[in-house]
Amino acid sequence: MQDNATEVTAAGIARLAGVGRAAVSNWRRRHADFPRPVGGTETSPSFALAEVESWLRKQGKLAEVPLRERVWQQLVGHPEGALTALVHAGCALLLIHERPTVWLDVSAGSDERLAAMLPGALEPVLTARLGGPAERTVHSGRTVAATEAVNRPGGAAGVNTAATARPVNTPPTTPGATATPAPATPAPATRASASPAPAPPAPAASTTPAVRTPTGPQLLPSVPLLRGAAELAAEAGARQAFEFLLGRHLDANPRQYTLTPSGLAGLMADLAGPARTVLDPACGTGALLRAVDVRPGQELYAQDSAPDLAALTGLRLALHSRAGVHGAADDTLRADAYPELRADAVLCHPPFNERNWGHDELAYDARWEYGFPARTESELAWVQHALARLADGGTAVLLMPPAVASRRSGRRIRADLLRRGALRALVALPVGAAPPYSIPLHLWVLRRPDRTPATPEVLLVDTGRFAGDGRGGPDWAAVRDAVLDAWRAFGRAGEPVERPGLARSVPVIELLDDDVDLAPARHLPPAAVADGAEQLTEVRERFGATLRLTVDLTPPPAGQAPPARWPLTTVGELARAGALVLRTGGNGGHVRVPVLTDHDVLAAAAPSGTLPESDEEAVLTEPGDVVVPVLGGGSVARVVDGATAGAALGRNLVLLRPDRTAIDPWFLAGFLRGTANNRQASSYASTATRLDVRRLQLPRLPLTEQRRYGARFHALDEFERALRHANRLGEHLVRGMYDGLTDGTVTPD
C-alpha cells in the first residue's frame, strides 16, 4: 500500500513506537538517517509515514506498525484534513457494510481505478440509506460544504448517532437565512403504538443537498486510507471501524467539540420513552439518536448547523441501524428542514447562551406559541421549537443550563408552559454530568398537550447527591434509577411523588409567583437526617475506631542505611524479557463492567467510570496487577485487589501484569512510587506532565528480597487507606454536625 502522501508528526511517531516524544527528538539528533521533515513547521515538523515506518523497522524499534495505528495516522495526515478523511472513510465503510462484493470488485486493481469506480458504486448505497439527493448530507470536505451552506438559502440533509458532539463556540445559525414557519394546523401524528407507519415528511423546499458522493479526483488522495479502513472492517466490522476512527478523532480534539456523555444520552432517551419518529434538531455527532431503542419501521430525523457533523452523523446512523435516516445541515431555528414533521419524541442538547440565534428575523415565527423569547433566552427558543415539532402527546427532553429555570427574562414563557401543561418535569443533574462540568445542568421534560386536561402539577427532581468525587463523574446508575422511578410514579394517575431531598410533584399554582423560579432545590423539602444525633453518634464511633486503626498501622521507624547501589532495570526491559505484560487502557469493547479511571486510582476509590463502545478489546484487571496513571505528575501505583479485579482499564492508565514467579506485585508498585524514579521518567509539556512508564526503574533483587520490601510497601498502603477513610469520616461528621445544629435536629449539648 503506497501512502507516501500521508504525514505524521513527532507525537504520532511516538505512538507508533510506544515511546515518549523525547525519545523521538533524541532519534532525530543521534541518527543521521532519520527521515527528513516533509511538511509542518520548524517547531512542529511532519514526516512521511512510509519513511518513518521503514526506519523504525530497520532500527529494530518496531516489528510492524499496528493496523489501527497506521490507518489513524493516514487519517490525521490526510492532505484535505481529518474531517474530509472521515467522511470518505465513512462512505467506503458504508459500501462495505451494505454491498461487500461491490467493494471487492471496485477495490481490485490500481488506486486510480478504485478512485474512478468508487463514486458510481457509492451513489446507489448513499441514496438507499440516506435518502435521495435532496435529503443526503454527506459531502466531500469542510470547505466545499461550508461554502455551499452560505450560498444557499436552505439546508441539506444529514443525520445523527453515538456520542453527541458539536463544535465548541460554533453558532447554531447561518446568518442571512430565512425561517420556514410551521403550519398552523399540525399534521396527524402516528404514535409508537399505532400500526401503519406514515410516509416520512419531505424536507422543506429550500433544503438542498449537503451530502454528496465524492468525485474520483476528490477520492484519489484518500485511497490508501480507504484500503486500510477496509482491512479494519475485515477484522472487526465496518461499523466498529468507523466508530474507532471517529472516536479517536473526538478524543484527539476535546476542545473542538461539546460531547453528550453516553449515560446522559441514555437517560434522556429513557425519559422520552418508545417512539417511532424521533427528532434531534441539534444533533452534533448523534449521541442522543444513537441512544434511542431502535425498532422496526422507526424514522430518525436530525439537523445540525455544522455540515461536517451532519454528514458524519448520517453515516454513523446508517451503519448503526436499519432505521430510516433523514437529516439536514443547516441552522434549525432560522431554516428548519422539517416544518411539517410531528415527531413522537424530540431529544436535544442545544447550544447554550447564544445571542445570535435569529431574534430579529424570527419575531413573527409561528413556533413561539408560548411567547417570543428574549434575545438572551435562546434556550427557550429551542424549547418551543421542540414543542412545535411534537405530535399531540409527544415528549421532548432537552438539556438546559440551570439559569434558564430562574432568569427573570424568561419567566412569562415559563409561566405559560406551566399553565398549559407543556412542562411536565425538571431534573437537576449532578455537577459533572456534561460540559460545562462545573455547573449542575437541568433536564426539561415537555409534552405537547393533547385534548385531555393537563395534570396541574410538575415533577421536580434534584440528583445532586449522586455527584461523583472529582473527575470520576456522577453515579449514572443511581441517577437513572432515581429519575426514572420518580418519572414513572408521577405518570401514574393519582400517585403523588414526595421524596424528601430528591423528588416532589409540585402543584403548578405554587410556582406561579413573580419569579416563576423552577430550580428544584428551592421547592424540595430537605432530606431528613436519619435518626439525627444517633446517626452522628454512629459516625463518631466509626471515626474513633478508624483513628485507633491508623495508630496501630503507623509504620515503625525505618532502619538507617547508606543509599543502595543496586543494579537497575526498567519496566520496558522487563516487558521485552517477558517478566511482565504492559497494557494501556481506554478501550470500551463490548463488555458491561465498571471502569477503573485514573481518578479512582489517585483516590484509592472503587471503579466509577464508563467508556464508549469500541471494537477494541477492553483490558480487564486481575488480582496482582499494578495500575499506574500516566498524567498529572503524581507518584501513584495501585495493586489490584479482589474488589477491583474484573474492572475495565480506563484512559490514561497503564497496567503492568508481573510474572509472579519473577516479580512481587507490591515490590513493583512500591518502587514505581519513588519520587526520583517518577521525575526521571516524566516528560513535561506546557499544561501537563506525562509519565513514560517504560522508563521507570526497579532494582534487580532476588524474589525473597522483593517480598521483604513488598510486605513493607503493603503495610504502607493499608496505613494510607486508613488515613483516607478517617479523613472522609471526619468530613462527614463535621458536615452532619453543622446540618444538625442549623436545622434543629441536634442540640448544642
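Before going into details, it helps to say that this report is about the structure given with it. (Residues numbered from 1 in each chain as written. Predicted model: local features only at pLDDT ≥ 70, side-chain atom pairs only at ≥ 80, totals over all residues. Heavy atoms only, no water.)

This part covers the packing of aromatic side chains. Inspection of every chain in the model, using the stated rule, returns 13 aromatic pairs. With 5.6 Å between their ring centres and 55° between their planes, Phe671 and Tyr709 make a pair best called tilted. Residue Phe671 is found in helix α22 (residues 665-672), and its partner Tyr709 is found in helix α24 (residues 703-743); the two are separated by 38 residues along the sequence. Of the residues examined, Phe671 reaches a relative accessible area of 16% and is grouped as buried. A relative accessible area of 28% places Tyr709 in the partly exposed class. Three or more aromatic residues link up through ring pairs in this structure, and these residues are Trp566, Phe667, Phe671, Tyr709 and Phe713. (Phe/Tyr/Trp six-rings, centres within 6.5 Å; stacked < 30°, edge-to-face > 60°. Helix = DSSP H or I, 4+ residues; strand = E, 2+ residues; numbered from the N terminus. Buried < 20%, exposed > 50% of the residue type's maximum accessible area, 1.4 Å probe, protein only.)

As a packed pair, helix α4 (residues 67-76) and helix α10 (residues 223-236) sit with axes 9 Å apart at the nearest point and diverge in direction by 150°. Like other packed secondary-structure pairs, α4 and α10 cross with a definite hand, here left-handed. Contacts from Leu67, Arg68, Arg70, Val71, Gln74 and Leu75 in α4 reach Pro224, Leu225, Gly228, Ala229, Glu231, Leu232, Glu235 and Ala236 in α10. The residue inventory of the contact of α4 with α10, partitioned by class, reads 8 nonpolar, 2 polar and 4 charged. (Axes fitted to C-alpha atoms, helices over the stretch in contact; angles between N-to-C directions. Left-handed = near helix turned anticlockwise from the far one by under 90°. Contact = heavy atoms within 4.5 Å. Nonpolar A, V, L, I, M, F, W, Y, C, P; charged D, E, K, R; others polar.)

Right, let's get into the packing of helix α7 (residues 111-130) against helix α14 (residues 307-320). One way to put it is that α7 packs onto α14 with a least axis distance of 10 Å and a crossing angle of 80°. Accordingly, the angle class assigned to the pair α7 and α14 is roughly perpendicular. Between α7, through Leu126, Arg129 and Leu130, and α14, the contact on the second element is made entirely by Gly314, Leu315, Leu317 and Ala318. Of the residues belonging to the contact of α7 with α14, the class tally is 5 nonpolar, 1 polar and 1 charged. (Parallel < 35°, antiparallel > 145°, perpendicular 65-115°, else oblique.)

A separate point is unusual backbone geometry. At the junction of Pro435 and Pro436, the peptide bond is cis and its omega measures out at -10° in the coordinates. Of note, the phi angle at Asn353 is positive, near 55°, even though the residue is not glycine. By relative accessible area, Asn353 is classed as exposed at 52%.

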